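# Remarks on the overall topology
So the chains spell out like this:
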Amino acid sequence: MPHSTSDSTSDSTSAISTSATRPSVPARRSDATRAAILDAARERFAADGYERATIRSIARDAGIDPSMVMRYYGSKEGLFAAAVAVDLKLPDLGPLPREEAGSALVTHFLAMWEENEVLTALLRVGATNQAGAERMQGIFQEQLLPVARQVCPDPEQVPVRAALTATQLLGMALTRYVLRLPPAVALSRQEIVAWLAPTVQRYLTAPNP
């Protein structure tokens, strides 16, 4: 028996609805290509640094033509910015007892560094290249300053106190994850928190010396 007009219309509507909710094949391929480029870029920037890493080498690692990298990201600067986009997901220190701020911040940073290879790549580049340094400065400005502002007793000292806090957190990251100094690598998370948290706490909340 032939389908009724209403059945045909229903089938057509269903097909259109289904196709509209599914990503197209080109879109899926585009997402996969972008992911491959970013993965290759992070590894190359971490291994070679910003200056020596090239679009051609990154494209080769990703298994694509260099023109595709330029198509998606425009330049090496644009690719670097996308590859090292970092959200530190810093904890909200406001609800915590003030004396726990240092411990909470150090504990969080350790978890981030050990689970996010992008941070190590960014630190490697930031220590040797202006583009990387500027990226680190932006993260500091946008993410660490607001957290320090939550617990700092003097608003005018927030930038200095946040910078002092960064010396401890980034110093540990550099020695443990980049330079891999054996004594720093051998420390457990609990030991690092025990050593660093009191210093970070003092930088954040102690009276001005």
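Report on the accompanying structure. (Residues numbered from 1 in each chain as written. Predicted model: local features only at pLDDT ≥ 70, side-chain atom pairs only at ≥ 80, totals over all residues. Heavy atoms only, no water.)

To continue, consider the nonpolar core. The tendency in soluble globular proteins is for nonpolar side chains to be buried as a group. If you look at the biggest cluster of nonpolar residues, it comprises 56 residues, and the most contacted ones within it are F45, L79, L88, L105 and V106. Here the element with the most residues in this core is helix α9 (residues 158-178); it accounts for eight residues. Not counting the four nearest positions on each side in its chain, L79 is found in contact with I37, L38, A41, F45, I55, I58, V69 and Y73. (Core = buried A, V, L, I, M, F, W, Y, C linked by side-chain atoms within 4.5 Å. Buried < 20%, exposed > 50% of the residue type's maximum accessible area, 1.4 Å probe, protein only. Helix = DSSP H or I, 4+ residues; strand = E, 2+ residues; numbered from the N terminus. Contact = heavy atoms within 4.5 Å.)

Our next topic: the pattern of salt bridges. Counted according to the given criterion, the structure contains five salt bridges. For R42, the salt bridge identified is with D39, shortest N-O distance 3.3 Å. One end of the pair is R42 and the other is D39, both in helix α2 (residues 25-52) and three residues apart, which spans about a single turn. Under the relative-accessibility criterion, R42 is labelled partly exposed at 24%. A salt bridge links R44 to D48; its shortest N-O distance comes to 2.9 Å. In this pair, R44 and D48 are both assigned in helix α2, four residues apart and thus about one turn of the helix distant. Residue classification places D48 among the partly exposed positions, given a relative accessible area of 22%. Each of R44, D48 and D61 takes part in salt bridges that share partners, so that together they form one network. (Salt bridge = Lys/Arg side-chain N within 4 Å of Asp/Glu carboxyl O.)

One pass over the structure, following the stated rule, counts one cavity of 30 Å³ or more. Empty space within the largest cavity amounts to approximately 50 Å³. What lines the largest cavity is simply V106, F109, L110, W113, L169, M172, A173, Y177, I192 and L196. If you list the elements that add at least two residues to the lining of the largest cavity, you get α6 (101-115), α9 and α11 (189-205). Counted by class, the lining of the largest cavity contains 10 nonpolar, no polar and no charged residues. (1 Å grid on protein atoms, 1.4 Å probe; cavity = no way out; pocket = protein on both sides within 12 Å on 5 of 7 lines; lining within 4 Å. Points joined across faces, edges and corners; volume = space filled by probe spheres on them. Nonpolar A, V, L, I, M, F, W, Y, C, P; charged D, E, K, R; others polar.)

Compared with an ideal rise of 1.5 Å per residue, which puts 15 residues at 21 Å, α6 spans 21 Å between its outermost C-alpha atoms and is within 8% of the ideal. Looking only at α6, the buried set comprises A101, G102, L105, V106, H108, F109, L110, A111, M112 and W113. Residues of α6 that are buried in the fold lie against α7 (117-126), α8 (130-151), α9 and α11. (Expected span 1.5 Å × (residues − 1).)

The gaps of empty space that remain are located by a probe, the size of a water molecule, rolled over the atoms. Of the volumes computed, that of the largest pocket is approximately 260 Å³. If you go around the largest pocket, you meet 14 residues; those closest to its centre are N116, E117, V118, T120 and A121. Mapped by element, the contributors of at least two residues to the lining of the largest pocket are α2, α6 and α7. Ranked by the residues each element gives to the lining of the largest pocket, the list is headed by α7, at five residues. Split by residue class, the lining of the largest pocket holds five nonpolar, two polar and seven charged.

It is worth spelling out the packing of α7 against α8 at this point. In the contact formed by α7 and α8, the axes pass within 7 Å of each other and the chain directions differ by 125°. Classified by the angle between their axes, α7 and α8 sit oblique to one another. As α7 packs across α8, the resulting crossing turns out to be left-handed. Contacts between α7 and α8 involve L122, L123, V125 and G126 from the former and G132, A133, R135, M136 and I139 from the latter. For the contact of α7 with α8, the residue count by class is six nonpolar, two polar and one charged. (Axes fitted to C-alpha atoms, helices over the stretch in contact; angles between N-to-C directions. Parallel < 35°, antiparallel > 145°, perpendicular 65-115°, else oblique. Left-handed = near helix turned anticlockwise from the far one by under 90°.)

Inspection of the secondary structure assignment puts M172 in helix α9. You can call M172 buried: its relative accessible area is 14%. Along the primary structure M172 and A184 are separated by 12 residues, whereas in three dimensions their C-alpha atoms are 7.6 Å apart. For M172, the contacting residues outside a window of four places in its chain are Y177, L187, I192 and L196.

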